[in-house]
Each structure stands twice: as structure tokens, then as C-alpha cells.
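Next come the chains, spelled out residue by residue.
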Amino acid sequence: MNKGRKNRPLTIPLSIPVLGGQELHYLQQAIVSNWVSSEGPFVTDFERALERYLGGGHAVATVNGTAALHVALRVAGVGPGSLVLLPGLTFAATANAVIYCGARPVFLDVDPDTWTIDPKEVGRFLTEECKRDNKQFVHRASGDRPRAIVPVHLLGHPSDMTPLFHWARSYQLSIIEDSCESLGATYKGVPTGRLGDMACLSFNGNKTVTCGGGGMVICRDNEVARRIRHLTTQAKAHPTEYIHDAVGFNYRLTNLQAAVGLAQMEQLPKFLERKQVLATRYEEGFRDLKELLPAPRAGWAKPSYWLYTLRWRGARPGAVRRLVTFLARQGIQARCLWRPLPDLPIYPEAIAHPIPVCERLYQECVSLPSTPNLIANDQDRVIEAVSRFVIRERKTSR
Ligand SMILES: *Cc1c(COP(=O)(O)O)cnc(C)c1O
């Protein structure tokens, strides 16, 4: 709720929730009704709201986006001996979900124009590093089986799906969209979340729509949705006896969280509109600085601009990090991108490839304040501070 200047914190945050709708009212209803846990009408209402927004599909709410990825991969048959193709540049949760399944991530480079998985790299891996062996399709070096591609619609920009569909069809791979950052974005007019066999959403506190914490799996098939619901509720095989037919998970969203989520969904069109306005204003604000490239927007894409992210072309090593510190001193919260995942020591089982584009973007990109109710005055402060730093850097580098 925007209470005006007087109560405005001094800092300009990167991205905070805007709880300006029916959140409190719905939460109160949930509490008064005594339905607080994962049974309860708001969970179903929240799932229906997502299905309506996405124009179809079956939605199963989960406790967070990471759990959604884990269970989606499991249902796609990903397990020990499986390979999952994903971009080297994403939040760690995408790769962690692969590891939870006992499978191995294959980190691939991203496209410099969209910052999402490069379909050419996918094709190269499948055609050059894999082969058919006794009718099975396997990775030559390890004998493991490629099972799924997880395109991550990074920062709200959709991945280029058409060539990925081609590769998935050719080699019977599942496509599981990591749409945790892209609610509201469309690819060739189709919402992200409705493109793959399954898609995973996040409603973490910093995402476009929040439940506090929460997630969702969207799938095409009703039977798949039933299996996901079953696995996320401890795989109970009997309504009253403690009989389980699988090792399930306690991954369901609670009614309290869903109450907040439903209220947030009602405001999604407004949030997206505001993020679009912020993106346009950032683009205009930096137009005269040729080294600052606007956030990506492919011809076939309508991005959701989850976090507006600039690319400072040719930024010297460490310059973006110094910019972030410079902004912090003025009460402006900005962020570097994720460290490319193969550079972390935590995925020794991964199949790594050179990822020069990921490395370059990591060095050159900075995410700027993107809260939907960021006021123009504050955004101008951000634009002015970033510009001042970049111009100063020009002079010292001569
Ligand atoms: C936020 C996020 C996740 C994980 O979602 P949580 O709800 O925080 O578990 C996964 N992948 C990406 C790309 C994300 O940004």
C-alpha cells in the first residue's frame, strides 16, 4: 500500500511485495473458517485463478517453486541415470531440483539476445555428444539418458521454444518450463507456463505474485496433475488408513498462503502494466548512454520484466559490482546476476560446457529496482545515479 512520501522508507528496494488488495480480508476469512492447512477453498480457488489467467492447463499448488520443479522432474521420469539440459545462467534452485532427483544437470550456454538457453547449444549437445544405442538415446561419454530440457524464462523473458520443441520431439525429451520469473510473459502470443509439458511457478516474496512462499506446477494432462497432487500430499493411497503407494512429499501449499496468492492474482494485470511502464521509462532514461543496452526483448516475446536488468556492454571486470556498491550508498538496492552455476563447486556431477555468454552477462548485467509501485521520482534517482557512475567510469578508463 502506498501511504505516501511520509512513510516511505529511505531505501529504494530491488523488489518488494505490493500487498494492496484483498490479502488481509482473505487471510481473515481463512482464519475465521479454521481452514489453515493444505485443505481449504483458497488453495483450489488459487489454482483455478492461475488456470483462468493462463487460459487452460491443470494447476497444482506447491509449497514453493523449488518443490514444484522437483516434483515435475520426478513425474517426467527424471531419476538416477538421467540427464537434464538447462542454462548455465539461472537461480540455483533450477539445478538443485535436478540433483534432488539423483540426476545430472547438463549446463549449456545462453543466447546473447535473450539470455535464455541457446537452442543451438541444445541441438549441438544432442546431435554431437549423444547417440542411439540399442534403441536407447544416450550420452556417449557417460551412458546416461537425456530426459528433459528445462528452459528458464530468465528475468521474465521467454526462451525461444520452437526449436526446443523440435529437439524434444526428435529425442522424446520432456520440456519443463522454469517459469518462476515469467508469470505474465508470452511467447508468440502464448503465455509462458502453457508452452511445455509442464511448467513451474514461484510465489516467493520477491516474485511478481507472492504468497509469502509458494509455487505451482502447470501441466497439460489431467492424469499428470493427479499424480503431482498425489506425490505432493505424501502419496496417500487410502482416505483413512495410513497406506502409501510411493515415497511422497509434503509439498502442498497451505490455505493461508493461497489466500494471499489469490488476492495477489487479482492485481497481476496491474503489476504487469506497472512493470511495463518502468521498463519503458528505464529504456528512455538510458537511451543516450550507448554502452547501456536495454533489457532483452525478442520480436516474438512479450517479457514480464520481473526484474528490469541492464547490460553494460564492455563493463570492465568488477565495474558492475562497484556500481552496485555505489548505488547502495545512495539507498538504491541493485543486484548482479546469478553466478553461472557451473562456476560453483556444488555440482561436481554436472556435465559442463564452455559458457562464454553466461560469463559475459554475469560480468555486465545489473538488475534495477522493479517494484510495481516504484514512483517516478525514485526511478529518476536510480537512472541519474547509474548514468553518473557509467559516465564517470568512461572518463577514468580513457
Ligand atoms: C525463484 C526461482 C525459483 C525457486 O522458487 P522458490 O519459490 O523460491 O522455491 C526457481 N527458479 C527460478 C529461475 C527462480 O527465479
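Up top is the structure.
Source: prediction; values computed, not measured. (Residues numbered from 1 in each chain as written. Predicted model: local features only at pLDDT ≥ 70, side-chain atom pairs only at ≥ 80, totals over all residues. Heavy atoms only, no water.)

S.K.: Break down the packing of helix H5 (residues 119–128) against helix H6 (residues 161–170) for me, citing the residues and quoting the values.
M.R.: It is at 9 Å that the axes of H5 and H6 come closest, and there the two elements cross at 15°. Classified by the angle between their axes, H5 and H6 sit roughly parallel to one another. Classified by chirality, the crossing of H6 by H5 is left-handed. Here H5 contributes Pro 119, Val 122, Gly 123, Leu 126 and Thr 127 to the contact with H6, which in turn contributes Pro 163, Leu 164 and Trp 167. When its residues are assigned to classes, the contact of H5 with H6 shows six nonpolar, two polar and no charged. (Axes fitted to C-alpha atoms, helices over the stretch in contact; angles between N-to-C directions. Helix = DSSP H or I, 4+ residues; strand = E, 2+ residues; numbered from the N terminus. Parallel < 35°, antiparallel > 145°, perpendicular 65-115°, else oblique. Left-handed = near helix turned anticlockwise from the far one by under 90°. Contact = heavy atoms within 4.5 Å. Nonpolar A, V, L, I, M, F, W, Y, C, P; charged D, E, K, R; others polar.)

S.K.: Any chance you could break down the side chain of Thr 116 for me, citing the residues and the numbers?
M.R.: Assignment of secondary structure puts Thr 116 in the loop between strand S3 (104–108) and H5. With sequence-adjacent residues up to four places away left out, Thr 116 is seen in contact with Val 110, Asp 111, Val 152, His 153, Leu 154, His 157, Pro 158, Ser 159 and Asp 160.

S.K.: If you had to explain the packing of helix H3 (residues 65–75) against helix H4 (residues 92–100) to someone new, which residues and values would you point to?
M.R.: Between two packed helices, the angle of one axis relative to the other and the distance separating the axes together describe the packing. Two elements in contact, H3 and H4, have axes separated by 9 Å at closest approach and are oriented at 40°. Between H3 and H4, the crossing angle belongs to the class labelled oblique. You can see that H3 and H4 cross each other, and the crossing is right-handed. For the pair H3 and H4, contact is made by Thr 66, Leu 69, His 70 and Leu 73 and by Ala 93, Thr 94, Ala 97, Val 98 and Tyr 100, respectively. Of the residues assigned to the contact of H3 with H4, the class counts are six nonpolar, three polar and no charged.

S.K.: Got a sec to walk through the site of the ligand? Specific residues and values, please.
M.R.: Neighbouring the ligand are 16 residues; Gly 65, Thr 66, Glu 181, Ser 202 and Lys 207 lie closest to it. Within the side chain of Thr 66, a nitrogen or oxygen atom sits 2.5 Å from an oxygen atom of the ligand. One nitrogen or oxygen atom from the side chain of Lys 207 is found 3.1 Å from an oxygen atom belonging to the ligand. Bound to the protein, the ligand loses 92% of the 380 Å² it would expose on its own. Where the shell around the ligand is concerned, the elements lending two or more residues are H3 and H4. With three residues, the single largest contributor to the shell around the ligand is H3. (Near = heavy atom within 4 Å. Polar contact = N/O pair within 3.5 Å; in protein donor to acceptor, adjacent residues only side chain to side chain. Areas by Shrake-Rupley, 256 points an atom, 1.4 Å probe, with all protein chains shown as cover.)

S.K.: Could you give an account of the sheet that holds strand S2 (residues 82–87), with specific residues and numbers?
M.R.: What the seven strands build is an open sheet, ordered S1-S11-S10-S7-S6-S2-S3; its pairing is mixed. Each having just a single partner strand, strand S1 (58–62) and S3 make up the two edges of the open sheet. Going from strand to strand, the sheet's axes swing by 30° on average, the running direction of each strand aside. Where strand S6 (residues 145–149) lies against strand S7 (residues 174–178), two bridges are found, and the strand directions are parallel. What sits directly across from Ile 149, in S7, is Ile 175. Sheet strands in contact with H3 are S1, S2, S7, strand S10 (198–202) and strand S11 (215–219), and its direction is about 165° off that of S10. (Pairing = 2+ DSSP bridges.)

S.K.: So what about the pairing of S7? Which residues, and what values?
M.R.: Among the five residues in S7, five count as buried, and that is most of the element. Taking every second residue as pointing to the same face, both faces of S7 are buried, with Ser 174, Ile 176 and Asp 178 on one and Ile 175 and Glu 177 on the other. Both S7 and S10 contribute to a ladder of three bridges, which runs parallel. Residue pairing across strands places Asp 178 opposite Cys 200, the latter belonging to S10. (Buried < 20%, exposed > 50% of the residue type's maximum accessible area, 1.4 Å probe, protein only.)

S.K.: Break down the pattern of salt bridges for me, citing the residues and quoting the values.
M.R.: In this structure the tally under the stated criterion is 20 salt bridges. The shortest N-O distance in the salt bridge between Glu 47 and Arg 229 comes to 3.1 Å. In this pair, Glu 47 sits in helix H2 (residues 41–54) while Arg 229 sits in helix H7 (residues 222–232), placing the two residues 182 residues apart along the sequence. Among the residues examined, Glu 47 registers a relative accessible area of 2% and is labelled buried. Salt-bridge contacts for Arg 104 lead to Asp 144; the nearest nitrogen and oxygen are separated by 3.1 Å. Of this pair, Arg 104 sits in strand S3 while Asp 144 sits in the loop between strand S5 (136–139) and S6, and the two are 40 residues apart along the sequence. Classification of Arg 104 as partly exposed rests on a relative accessible area of 24%. Among the residues examined, Asp 144 registers a relative accessible area of 14% and is labelled buried. Residues joined by salt bridges that share partners form a network here, namely Glu 47, Arg 48, Glu 51, Arg 229 and Arg 252. (Salt bridge = Lys/Arg side-chain N within 4 Å of Asp/Glu carboxyl O.)

S.K.: Account for the packing of aromatic side chains, with residues named and values stated.
M.R.: Scanning the model with the defined rule gives 12 aromatic pairs in all. Between Phe 107 and Tyr 347, the ring centres sit 5.7 Å apart and the planes meet at 65°, which makes this aromatic pair edge-to-face. One end of the pair, Phe 107, is in strand S3; the other, Tyr 347, is in the loop between strand S15 (335–336) and helix H11 (356–364), and 240 residues separate them in sequence. For Tyr 347, a relative accessible area of 7% corresponds to the buried category. (Phe/Tyr/Trp six-rings, centres within 6.5 Å; stacked < 30°, edge-to-face > 60°.)

S.K.: Tell me about the nonpolar core, and name the residues and values.
M.R.: Counting residues in each nonpolar core, the largest one holds 35 residues, and the members touching the most others are Leu 73, Ile 176, Met 198 and Ile 228. Where this core is concerned, the elements lending two or more residues are H3, S2, H4, S10, S11 and H7. Ranked by the residues each element gives to this core, the list is headed by H3, at seven residues. Among all residues touching Met 198, those that are not within four sequence positions of it are Ala 72, Val 75, Ala 76, Ile 175, Ile 176, Glu 177, Val 217, Ile 218, Cys 219, Val 224 and Ile 228. (Core = buried A, V, L, I, M, F, W, Y, C linked by side-chain atoms within 4.5 Å.)

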